[in-house]
Amino acid sequence: MNYNAEAIVHIVVALALCSVVGLEREWRQKAAGLRTHSLVGVGSALFMVVSKYGFFDLVGDGIDLDPSRVAAQVVSGIGFIGGGLIFVRRDLVRGLTTAATIWLAAAIGMAAGAGLLVVAATVSGIYLVIAFVFPVLVRPLPRPRFANAVLRLSYED
């Protein structure tokens, strides 16, 4: 398989895996959902593919390439985007988990783009455990004394 076909496979795998993360966020009706997580994953995979294959024509005497530099810049850029999703009002922090899932989608996309497909798929599975199993484990823990109470009110019109 030539490197173009391989790169496309890696990007499509990133799309599939980050879509799973995005679907979970969409299901929970979060601001960053399916489209955002899919775009972050596909974009990160593309950056890795470009870093990995895009500069072969420049390699020659005295020219060394460091593909990890692109990966480091993706991490920095995604951190900036994630920082914009976090809001603090009084003692309440909102958007922290969404920012973390954006960061994770970028990491999954980067892993897929780098050809680490099994690692990317495993991390996506780990995310599902964190998203669906951890809340069940945390529910029986004692709540802080001053925790917010949830009040649900329903009435007939």
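Just above sits the structure.
Residues numbered from 1 in each chain as written. Predicted model: local features only at pLDDT ≥ 70, side-chain atom pairs only at ≥ 80, totals over all residues. Heavy atoms only, no water.

(A) Main features of helix α4 (residues 96-113). An ideal rise of 1.5 Å per residue puts 26 Å on 18 residues; α4 measures up with 26 Å between its terminal C-alpha atoms. All of the buried residues along α4 are Thr98, Ala99, Thr101, Ile102, Ala105, Ala106, Ile108, Gly109, Met110, Ala111, Ala112 and Gly113. Buried residues belonging to α4 abut α1 (3-27), α2 (34-53), α3 (68-85) and α5 (117-132). At the C-terminal side of α4, Gly115 shows a positive phi close to 95°. (Helix = DSSP H or I, 4+ residues; strand = E, 2+ residues; numbered from the N terminus. Expected span 1.5 Å × (residues − 1). Buried < 20%, exposed > 50% of the residue type's maximum accessible area, 1.4 Å probe, protein only. Contact = heavy atoms within 4.5 Å.)

(B) The arrangement of α5 in detail. Given a rise of 1.5 Å per residue, 16 residues ought to cover 22 Å, and the 23 Å separating the end C-alpha atoms of α5 matches this to within 8%. Regarding α5, the residues found buried are Ala120, Ser124, Tyr127 and Ala131. Within α5, the buried residues cover an arc of 55° as seen down the axis, which keeps them to one side. On its buried face, α5 sits against α1, α4 and α6 (134-138). (Arc of directions from axis to C-beta.)

(C) The nonpolar core, seen in detail. Among the nonpolar cores identified, the biggest contains 25 residues, and Val40, Val49, Ile78, Ile102, Ile108, Met110 and Ala120 are the most heavily contacted of them. Of all the secondary structure elements, the ones that give two or more residues to this core are α1, α2, α3, α4 and α5. In terms of residue count, the dominant contributor to this core is α4 (7 residues). Setting aside its immediate chain neighbours within four residues, Ala120 contacts Leu17, Ile108, Ala111 and Ala112. (Core = buried A, V, L, I, M, F, W, Y, C linked by side-chain atoms within 4.5 Å.)

(D) Examining the layout of surface pockets more closely. Size it by volume and the largest pocket reaches roughly 920 Å³. Lining the largest pocket are 24 residues, and of these Arg25, Arg28, Lys30, Arg94 and Thr97 lie nearest its centre. Secondary structure elements with two or more residues in the lining of the largest pocket: α1, β2 (92-94), α4, α5 and α6. For the lining of the largest pocket, the element with the most residues is α4, which contributes 4 residues. (1 Å grid on protein atoms, 1.4 Å probe; cavity = no way out; pocket = protein on both sides within 12 Å on 5 of 7 lines; lining within 4 Å. Points joined across faces, edges and corners; volume = space filled by probe spheres on them.)

(E) Region of the structure containing the packing of α1 against α5. At a closest axis distance of 10 Å, the pairing of α1 and α5 adopts a crossing angle of 5°. Taken together, the axes of α1 and α5 are roughly parallel relative to one another. On α5, the residues touching His10, Val13, Leu17, Val20, Val21, Glu24, Arg25 and Trp27 of α1 are Leu117, Ala120, Ala121, Ser124, Tyr127, Leu128, Ala131 and Phe132. For the contact of α1 with α5, a count of residues per class yields 12 nonpolar, 2 polar and 2 charged. (Axes fitted to C-alpha atoms, helices over the stretch in contact; angles between N-to-C directions. Parallel < 35°, antiparallel > 145°, perpendicular 65-115°, else oblique. Nonpolar A, V, L, I, M, F, W, Y, C, P; charged D, E, K, R; others polar.)

(F) Layout of unusual backbone geometry. You will see that Gln29, though not glycine, has its phi angle at about 60°, which is positive. Mapped onto the elements of the fold, Gln29 is located in the loop between α1 and α2.

(G) Fine view of the side chain of Ser19. Turning to its location among the elements, Ser19 is positioned in helix α1. Beyond its immediate chain neighbours, meaning those up to four positions away, Ser19 contacts Leu34 and Ser38.

(H) Broad picture of the packing of aromatic side chains. Evaluation of the coordinates by the stated rule reveals 2 aromatic pairs. Note on Trp27 and Phe132: the rings are 5.7 Å apart at their centroids and 50° apart in plane angle, and the pair reads as tilted. Highlighted residues: Trp27 in helix α1 and Phe132 in helix α5, separated in sequence by 105 residues. (Phe/Tyr/Trp six-rings, centres within 6.5 Å; stacked < 30°, edge-to-face > 60°.)

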